[in-house]
Amino acid sequence: MTDQSSPVQTAPYQIEIRNLHASVGDMPILKGINLTIPRGELHAVMGPNGNGKSTLAKVIVGDPEYTVTEGEVLVDGQNILEMEPDERARLGVFLAFQYPVEIPGVTIANFLRLAMQARKAEGEEVSFSEFYGKLLAALKVLEWDESIVERYLNAGFSGGEKKRNEILQMLMLEPTYIIMDETDSGLDVDALKIVAKGVNSMRGANLGGLIITHYQRLLDYIVPDRVHIIVDGKVVQSGGPELAKKLDSEGYDWVKELALA
Amino acid sequence: MTVNPEVNDINNTYEYGWSNPERYAVKAPKGLSREVVEMISRNKDEPQWMLDFRLKALEIFYSKPMPTWGADLSGLNLDEIYYYIKPEGMNARSWDDVPDDVKKTFERLGIPEAERAALAGVGAQYESEMVYHNLKEEWEKLGVVFLSIEDGLKQYPDLFREHFATIVPPEDNKFAAINSAVWSGGSFVYVPKGVKVDIPLQTYFRINAESSGQFERTLIIIDEGAQAHYIEGCTAPAYNSDSFHSGVIEIVVKEGARFRYSTIQNWSHNVYNLVTQRAAVYGHGVMEWVDGNLGSKVTMKYPACYLLEEGARGEVLSIAMAGRGQHQDAGAKIVHFAANTSGSIVSKSISKDSGRSSYRGLVKIYEGARNAKTNVECDALLLDEEARTDTYPYIEIEEKTARVGHEATVSKINDEQILYLQSRGLSEDQAAGLIVRGFIEPIAKELPLEYAVELNRLIELEMEGSVG
């Protein structure tokens with residue numbers, strides 16, 4: 001641990017989830033999750049539906065619907081559980097939502113600028129060239145026309161467009177930790193490839209995170225460094241990318257048994 | 001200039017609540033009387049017909065009961081109001097000739113700056129009189145007239161008399177009657193045939209004195225094929241006692257002409273704002289009202305388009321925001337008298353705390369107005385449990401071929417939207433503000449950029465600390 005006399009930040013660059021318990025109302029959903037994701041690695045989180053994968057994403061981002069009853073989530077050594085969702089975002093955490101909401105009347109361009117501005121120090125402005133340069137690069141990766149940013153945020157978007165828009169925001173905001181919550185659901189292969197291309201373009205030593213998915217499909221394009229399986233609110237198995245393939249061929253029955261063991 | 005600290009607690013986000021010491025050339029005694037009406041007329045050196053008109057209007061005012069529909073007006077004590085306050089210095093054409101404290105007031109409100117930057121002409125009313133009125137030379141050369149209403153009466157007596165009180169007669173309603181009796185200030189605008197004034201004219205209304213009434217009267221004539229845009233803004237100091245604003249706006253849009261009248265009403269929360277605005281629209285003319293009601297204690301205002309000849313079109317875009325203690329009873333009237341006339345009403349309201357917003361609108365289609373059509377859309381956004389919204393749509397159709405659509409929605413800011421925006425780094429207040437801005441975007445985008453920015457800024461100010 002550092003103290004005020006020590007100028008050197010010695011915290012490990014990672015997300016560390018320690019014994020995390022969370023519930024909705026009276027119903028416990030997460031029952032002691034332990035995970036460590038170093039910056040520079042993308043980990044897949046898999047498991048049957050209704051076992052806590054999305055809850056984990058929502059708890060990390062700070063959704064007030066969920067109550068954390070025990071445990072910690074440390075981002076680069078700092079516990080984020082007492083922070084507002086926007087503070088977590090400014091710390092570098094980004095959730096690609098499973099169901100991105102519609103905000104009518106707010107253009108994507110305007111929204112992106114505000115979100116970028118929110119990351120600036122007081123008195124510092126997002127310059128036009130910074131914004132526009134980044135935007136053009138991101139749109140190119142996503143094979144999207146510039147006119148898209150004049151549309152209202154997700155309003156009337158197809159499922160695929162909404163997911164692509166999540167990746168656009170990710171590229172613009174340059175988070176250090178991403179959490180992708182079933183980004184692959186409802187996507188056709190072409191859209192899936194574009195989304196994967198966007199994520200892969202950011203991969204490197206400065207990006208860590210979780211890819212939550214039910215299927216192997218997305219992981220063909222974004223190959224994870226590690227794979228974890230969550231059943232009944234706990235991590236029951238961890239392994240390399242081959243674990244995802246095993247789930248794909250053998251289904252989830254065998255892991256459910258692990259949970260009972 | 002002084003702040004009024006005793007009222008800070010009721011209205012701590014209102015930034016225009018300061019006032020100047022009262023220094024006036026003339027101040028009528030409190031309350032309404034024949035003597036006060038005569039005094040106003042005498043001060044304006046009016047022709048006899050106008051004095052007769054005023055006195056008749058006063059009788060009409062006395063004979064009409066207070067309206068019992070709409071907002072609660074029981075707190076409005078008409079005997080406690082000063083009906084005429086004439087400031088020192090009158091109707092200058094240069095800001096240098098406006099008395100210092102008055103000039104400072106308008107500088108603080110950004111008016112001379114806006115005039116230099118983006119306006120064709122500017123008028124400024126302080127209490128009962130216009131203290132400044134100026135039109136840029138290029139427009140004057142084209143025959144555009146932009147004067148105080150008093151100068152309009154003096155310099156264009158025939159044109160004035162031809163139209164004055166023909167669109168809103170004193171019999172129309174009790175507040176049109178009171179305005180007709182004691183009117184003072186306002187603008188007289190004439191745009192000649194075919195002239196297109198492509199940057200806005202603006203008049204700014206400021207009440208300064210406590211318990212005062214402002215009764216401006218505006219007459220605008222847009223001749224055949226001409227175009228213009230007029231903007232009005234209004235603020236007042238925050239006092240514990242109520243003030244009263246009751247304007248009458250009459251507009252003539254002749255054949256093929258196009259006119260837009262935009263209001264950003266930001267009265268302090270002690271002002272009763274009861275206004276009659278109406279346009280007569282002739283063949284294929286287009287009238288657009290863009291109406292933003294943010295301030296006041298009570299507003300009752302229903303901008304109207306009377307579509308008198310074939311092909312005329314009327315549009316009303318209105319936005320109301322009601323906070324604690326405010327009631328915005330706003331809406332629109334579209335009346336179809338002729339065939340192939342069309343109308344559109346888009347009304348959006350935001351209510352928070354104990355604020356109440358009501359949409360009250362009339363669509364009337366007379367027999368013979370073949371293929372007339374109007375579409376009404378009202379959307380209400382509630383920011384919390386205490387806020388209230390109501391919709392009172394009146395639709396009267398005498399014509400079989402008419403088409404009228406009506407859609408109304410009520411929504412609340414939802415937690416998922418807030419979380420989504422927060423997860424991108426915006427604070428909770430910023431997130432709520434952005435959602436509200438998106439909600440009013442269809443109206444804000446119709447305003448010139450500076451005014452859209454101002455509207456958004458005012459709403460953000462009202463929104464501070466309102467979520468959580």
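If you're wondering where the values come from, they're calculated on a predicted model, not measured in any experiment.

Caption draft 1: Summary view of the overall build of chain A. A count of helices and strands for chain A gives 8 helices and 12 strands. Relative to the 2.2 N^0.38 estimate, which gives 18 Å for 261 residues, the radius of gyration of chain A is 19 Å and therefore close to what a compact globule would have. Taking the principal axes of its C-alpha atoms as reference, chain A extends roughly 55 × 55 × 35 Å. Within chain A, buried positions represent 41% of all 261 residues. Counted over contacts in chain A with a minimum sequence separation of 6, partners at least 24 positions apart contribute 72%.

Caption draft 2: Highlighting the packing of helix α3 (residues 108-117) of chain A against helix α5 (residues 159-173) of chain A. All names here are of chain A. Between α3 and α5, the shortest axis-to-axis distance is 10 Å and the interhelical angle comes to 35°. Between α3 and α5 lies a crossing whose hand is right-handed. Residue-level inspection shows Ile108, Leu112, Ala115 and Met116 of α3 in contact with α5, the latter providing Asn165, Gln169, Met172 and Leu173. Its residues placed into classes, the contact of α3 with α5 shows 6 nonpolar, 2 polar and no charged.

Caption draft 3: Expanded view of the sheet that holds strand β20 (residues 342-351) of chain B. All names here are of chain B. Strand order in the open sheet formed by 10 strands is β4-β3-β7-β10-β13-β15-β18-β20-β22-β24, and the pairing between neighbours is mixed. Strands at the two margins of the open sheet, each flanked by one partner only, are β4 (129-135) and β24 (403-412). Recorded for the sheet is a direction-independent mean angle of 10° between the axes of neighbouring strands. When strand β3 (residues 121-126) meets strand β7 (residues 201-206), the two strands line up parallel, connected through 6 bridges. Looking at β7, one finds that Tyr126 is bridged to Arg206.

Caption draft 4: How the structure looks around the sheet that holds strand β5 (residues 78-79) of chain A. Residue and element names in this part refer to chain A. In spatial order, the strands read β2-β1-β4-β5; together these 4 strands make up an open sheet with antiparallel pairing. The sheet is open, and its two borders are formed by β2 (27-38) and β5, each paired with just one other strand. Examined bridge by bridge, strand β1 (residues 14-24) and strand β4 (residues 67-75) share 7 bridges and lie antiparallel to one another. Directly across from Glu16, in β4, lies its bridge partner Leu74. Here helix α1 (residues 53-61) sits on the sheet in contact with β1, β2 and β4, set at roughly 75° to β2.

Caption draft 5: Summary view of helix α11 (residues 449-463) of chain B. Residue and element names in this part refer to chain B. Taking 1.5 Å per residue, 15 residues should reach 21 Å; α11 reaches 21 Å between its end C-alpha atoms and fits that length. Every buried residue of α11 is accounted for by Tyr451, Leu455, Leu458, Ile459, Glu462 and Met463. Looking straight down α11, one finds that the buried residues subtend no more than 140° of arc, so they occupy a single side. Facing away from the buried side of α11 by more than 90 degrees, the exposed set consists of Leu449, Val453 and Arg457. Elements in contact with the buried residues of α11: β10 (227-235), β13 (258-265), β15 (286-293), β18 (313-322) and α10 (428-444).

Caption draft 6: View of the UniProt feature "domain: SUF system FeS cluster assembly SufBD core" (unreviewed entry) in chain B. Those residues carrying the UniProt feature "domain: SUF system FeS cluster assembly SufBD core" (unreviewed entry) are residues 205-439 of chain B in this numbering. The annotated region residues 205-439 of chain B carries 9% helix and 57% strand content, and the separation between its end C-alpha atoms amounts to 27 Å.

Caption draft 7: Spatial organisation of the environment of Val126 of chain A. Residue and element names in this part refer to chain A. Here Val126 is to be found in the loop between α3 and α4 (128-141). In this structure Val126 comes out as partly exposed when scored by C-beta crowding, with 17 C-beta atoms within 10 Å. Separated by 10 residues in sequence, Val126 and Met116 place their C-alpha atoms 6.9 Å apart. With residues up to four places along the chain from it excluded, the contact list for Val126 reads Arg113, Met116, Gln117, Lys120 and Phe131.

Caption draft 8: Spotlight on the pairing of β20 of chain B. Residue and element names in this part refer to chain B. By the criterion of burial, β20 is predominantly enclosed, with 8 of the 10 residues buried. The pairing of β18 with β20 spans 10 bridges and is parallel. Across the sheet, Gly314 pairs through a bridge with Gly343, a residue of β20. With 10 bridges joining them, β20 and strand β22 (residues 373-382) adopt parallel strand pairing. Residue pairing across strands places Ile350 opposite Leu381, the latter belonging to β22.

Caption draft 9: Just the UniProt feature "domain: SUF system FeS cluster assembly SufBD N-terminal" (unreviewed entry) in chain B, in detail. According to UniProt, the positions carrying the feature "domain: SUF system FeS cluster assembly SufBD N-terminal" (unreviewed entry) are residues 140-202 of chain B. Overall, residues 140-202 of chain B shows 40% helix and 17% strand. The separation of its end C-alpha atoms is 15 Å.

Caption draft 10: Inspection of the nonpolar core at higher detail. Counting residues in each nonpolar core, the largest one holds 213 residues, and the members touching the most others are Val189, Ile222, Val253 and Val281 of chain B. For this core, the element with the most residues is α10 of chain B, which contributes 9 residues.

Caption draft 11: Expanded view of the interface of chain B and chain A. Listed by partner, the interface residues are 17 residues for chain B and 22 residues for chain A. Contributions of two or more residues to the side of chain B that touches chain A are made by α9 (415-422) and α10 of chain B. Considering every element that reaches the side of chain B that touches chain A, the biggest residue donor is α10 of chain B, with 7 residues. Class assignment of the residues belonging to the side of chain B that touches chain A gives a composition of 7 nonpolar, 6 polar and 4 charged.

Conventions and cut-offs
- Residues numbered from 1 in each chain as written.
- Chains lettered and ligands numbered in written order.
- Predicted model: local features only at pLDDT ≥ 70, side-chain atom pairs only at ≥ 80, totals over all residues.
- Helix = DSSP H or I, 4+ residues; strand = E, 2+ residues; numbered from the N terminus.
- Rg over C-alpha atoms; globule rule 2.2 N^0.38 Å.
- Buried ≥ 20, exposed ≤ 12 C-beta atoms within 10 Å, placed from the backbone.
- Contact = placed C-beta atoms within 7 Å.
- Axes fitted to C-alpha atoms, helices over the stretch in contact; angles between N-to-C directions.
- Left-handed = near helix turned anticlockwise from the far one by under 90°.
- Nonpolar A, V, L, I, M, F, W, Y, C, P; charged D, E, K, R; others polar.
- Pairing = 2+ DSSP bridges.
- Expected span 1.5 Å × (residues − 1).
- Arc of directions from axis to C-beta.
- UniProt positions renumbered as here; feature names shortened; annotations may be inferred.
- Core = buried A, V, L, I, M, F, W, Y, C linked by C-beta atoms within 7 Å.

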